[in-house]
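Topology and contacts: notes
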Amino acid sequence: MSTKIRLKKIKNYYMQQDENSAQDFLNLIKKSRRGKFKIYIGMSAGVGKTYRMLQEAHSLLASGIDVKIGYIETHQRKETHSLLDGLPIIPRRKLFYKGKELEELDVQAVINLRPEVVIVDELAHTNIEGSKNEKRWQDVMDILDSGINVISAVNIQHIESLNEDVKQITNIEVQERIPDNVLAQADEVVNIDLTSEELIDRLKAGKIYENSKINSALNNFFKSENILQLRELALREVTSQVTRKVETEVTIHKSVKKEKFLACISSNEKTAKNVIRKASRLANYYNSQWYLLYVQIPRESSDKIPLDKQRHLINNFKMATELGAEIIKVENTNVTRAIMEQCEERKITTVCIGKPHLNLFKIIIATDTFNTLLNKLSQENIDLVILS
């Protein structure tokens, strides 16, 4: 390598370091101006998240804090609804959709009024078509970016990366979900915990649903074994958030190897979704940057790939983006080579792949490819995680 080329590389390196330093400082400034974010999380409806938020609003108001209700859903529960008395409420935005007048959180009114704290319920809610944002969590991000503190609530089944776990427990696929990085951005996460007996007693007493829905709820979502498993998920999630924050604070001044994850997917929809969700949880736990890599091989070029696979890929890219990934799409005849090139270029520490679902013949063919990848990763001291 000539001296001229070497000097150019050194110059580019230091320019990149200066850019990174400036960006880090800008991020610090933005973070200091951003509102604080508190989330109440629960294992299911009826544990008391909204009730606790309203109790906290009264406490803040009594302490002289300018707190307002942006959006609350009491579900006509008497004890909860009564707590609205005496709290300033920002009128909701009214929209007409399919001939009906509906109401949504008025984000612009919240930003214009600039309360110190705003209460926004139902974080996973999908906004009415025609709203500025598709999801309410996106509305909350806008409010936080305006420097307003937000208290919100969500159930554990709405966390994106837990979608498959929840489906296995309840046999229900929850449609309204929030990306894990929304939870990771919270300054405080509080778990509202009840035993399964307490929750079922509340349900039977009519404190969660009206009488006509109680038996159906008891025989489906609110089975005791379901509640126990959802409770464990909620406790584990909050513990993980606390651990991550403590470790981030402890290591912030130490020189620690920064993890970078590369999740590799194919056009297989189900395996890809699983890899995306689990890689997201790993990256979230380590508070690390992560990438999603799709290597487009010749038989999946844009003029050959079936339309349904193309649609699934686009949806998976969108989900990964919402979960905080940077999407990498490359064309290559050699998947192993493409993975290693990205590892080198982006200083990857851990590669995540899905568990292969192959017949015996394909396993024999794929063995050499897998061993080549394994050997190359081992040589570069890069970890490999196979996600089941």
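Everything numeric here is computed off the predicted structure, so don't read it as measured data.

**A look at the confidence of the model for the protein**
The predicted coordinates ought not to be read in detail in places where the model reports low pLDDT. Across the protein, the average pLDDT comes to 85, with 85% of residues at or above 70. For the protein, helix α1 (residues 3-33) is the element with the lowest average pLDDT, namely 60, and strand β5 (residues 117-120) is the one with the highest, namely 98.

**Description of a negative patch on the surface**
Where like charges cluster on the molecular surface, the negative patch consists of Glu341, Glu344, Glu345 and Glu380. If you trace the backbone, Glu345 turns up in helix α13 (residues 335-346).

**Considering the sheet that holds strand β12 (residues 383-387)**
Taken together, five strands build an open sheet; the order of strands is β10-β9-β8-β11-β12 and the sheet is parallel. The open sheet is flanked by β10 (326-331) and β12, the only strands paired with a single partner. Taking each pair of neighbouring strands and ignoring which way they run, the sheet shows an average axis angle of 25°. Against the sheet, helix α12 (residues 307-322) makes contact with β8 (260-265), β9 (289-296) and β10, and its axis sits at roughly 170° relative to β9, the strand it touches most. Against the sheet, α13 contacts β8, β9, β10 and β11 (350-354), and its axis sits at roughly 150° relative to β9.

**Considerations on the side chain of Glu56**
Along the chain, the position of Glu56 falls in helix α2 (residues 49-62). Note on Glu56: relative accessible area 18%, which makes it buried. Filtering out sequence-adjacent residues up to four positions away, Glu56 remains in contact with Lys38, Tyr40 and Ile151.

**Focus on a nonpolar patch on the surface**
Residues Phe370, Leu374 and Ile386 make up a contiguous nonpolar surface patch of roughly 240 Å² in combined accessible area. If you trace the backbone, Phe370 turns up in helix α14 (residues 360-379). Looking at Phe370, the relative accessible area reads 32%, which means it is partly exposed.

**Observations concerning the sheet that holds strand β1 (residues 37-42)**
Strand order in the open sheet formed by five strands is β2-β5-β6-β1-β7, with parallel pairing between adjacent strands. Each of the sheet's edge strands pairs with one partner strand only, and the pair in question is β2 (67-71) and β7 (188-192). Looking at each pair of strands side by side, their axes are set apart by 20° on average, direction ignored. The pairing of β1 with strand β6 (residues 149-155) spans six bridges and is classified as parallel. Within the sheet, the bridge partner assigned to Tyr40 lies in β6 and is Ala153. Packing of α2 onto the sheet brings it into contact with β1, β2, β5, β6 and β7, and relative to β6 it is tilted by some 165°.

**Examining the pairing of β7**
In terms of residue burial, β7 counts as a mostly covered element, since four of its five residues are buried. Two strands pair when backbone bridges link them, and β1 and β7 are joined in this way by five bridges, in the parallel orientation. Across the sheet, the residue bridging to Ile41 is Asn191, located in β7.

**A word on the environment of Leu113**
Within the fold, Leu113 resides in helix α4 (residues 107-113). Under the relative-accessibility criterion, Leu113 is labelled partly exposed at 47%. Separated by 45 residues in the primary sequence, Leu113 and Lys68 place their C-alpha atoms 9.5 Å from one another.

**So, the nonpolar core**
By size, the foremost hydrophobic cluster in this structure holds 65 residues, and its most contacted members are Phe37 and Leu123. Contacts of Phe37, omitting those with residues within four sequence positions, involve Leu123, Val140, Met141, Leu144, Val150, Ser152, Val182, Gln185, Ala186, Asp187 and Glu188. In this structure, Ile265, Val275, Leu292 and Phe317 belong to the second largest nonpolar core, which totals 20 residues.

**Overview of the packing of aromatic side chains**
A full pass over the atoms with the stated rule returns four aromatic pairs. Pairing Tyr209 with Phe222 gives two aromatic rings, centres 5.9 Å apart and planes at 90°, and the pair type is edge-to-face. With a gap of 13 residues between them, Tyr209 in the loop between α8 (196-204) and α9 (211-219) and Phe222 in the loop between α9 and α10 (224-251) connect regions that are remote in the sequence. Look at Tyr209 and you get partly exposed, because its relative accessible area is 27%.

Conventions used here
Residues numbered from 1 in each chain as written. Predicted model: local features only at pLDDT ≥ 70, side-chain atom pairs only at ≥ 80, totals over all residues. Heavy atoms only, no water. pLDDT = per-residue confidence, 0-100. Helix = DSSP H or I, 4+ residues; strand = E, 2+ residues; numbered from the N terminus. Patch = residues over 30% accessible without salt bridge, like charges linked within 9 Å, V, L, I, M, F, W, Y side chains within 5 Å. Areas by Shrake-Rupley, 256 points an atom, 1.4 Å probe, with all protein chains shown as cover. Salt bridge = Lys/Arg side-chain N within 4 Å of Asp/Glu carboxyl O. Lys, Arg positive; Asp, Glu negative; His and termini not counted. Charge placed at Lys NZ, Arg CZ, Asp CG, Glu CD. Pairing = 2+ DSSP bridges. Axes fitted to C-alpha atoms, helices over the stretch in contact; angles between N-to-C directions. Contact = heavy atoms within 4.5 Å. Buried < 20%, exposed > 50% of the residue type's maximum accessible area, 1.4 Å probe, protein only. Core = buried A, V, L, I, M, F, W, Y, C linked by side-chain atoms within 4.5 Å. Phe/Tyr/Trp six-rings, centres within 6.5 Å; stacked < 30°, edge-to-face > 60°.

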